[in-house]
Amino acid sequence: PEARRFMWSVISNVTSERRQSALILTTHSMEEAEALSTKMAIMVAGRYACFGPSQHLKSKFGKGYELDIKVTLPNETELRGMI
C-alpha cells in the first residue's frame, strides 16, 4: 500500500505539472485507473475494445456481479477431523 500511494503521488504530480503530457499506465484495478486517469481504455485480446472517460466504460461494459455463498457450520465430528 505504501509503494502504491507513492506511485500515485508521483503520477499525479507529473500529470498536473505537465498538462500537455500523456502517461500510459497499465492496471487491472478500476479504482487505480479512475484515481489517476482522465481517460482509459479496455483491451481485449490485444485490441482496444473501448476508450473514453471511466463513466463511458462503466456504462458500456459495467454489468456487475453478485455472489451468494452459503456455508454450513461443521459438526463436532468434522471439527475433530480437522485437528
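Above this text sits the structure in question.
Now for a quick tour of the structure. This is a predicted model, so every value here is computed, not measured.

Conventions we followed
- Residues numbered from 1 in each chain as written.
- Predicted model: local features only at pLDDT ≥ 70, side-chain atom pairs only at ≥ 80, totals over all residues.
- Heavy atoms only, no water.
- Helix = DSSP H or I, 4+ residues; strand = E, 2+ residues; numbered from the N terminus.
- Rg over C-alpha atoms; globule rule 2.2 N^0.38 Å.
- Buried < 20%, exposed > 50% of the residue type's maximum accessible area, 1.4 Å probe, protein only.
- Contact = heavy atoms within 4.5 Å.

## A closer look at the overall build of the protein chain
Next, step 1: A count of helical and extended segments in the protein chain gives four helices and two strands.
Next, step 2: Element order for the protein chain, N to C, with α for helix and β for strand: α-α-β-β-α-α.
Next, step 3: On C-alpha atoms alone, the protein chain measures out to a radius of gyration of 21 Å, which is more than a quarter above the 12 Å that the 2.2 N^0.38 rule sets for 83 residues.
Next, step 4: Referenced to the eigenvectors of the C-alpha coordinate spread, the extents of the protein chain come out at roughly 65 × 30 × 20 Å.
Next, step 5: Out of the 83 residues in the protein chain, the part that is buried amounts to 11%.
Next, step 6: Contacts spanning at least 24 positions in sequence make up 19% of the contacts within the protein chain whose residues lie at least 6 apart.

These figures capture arrangement, not role.
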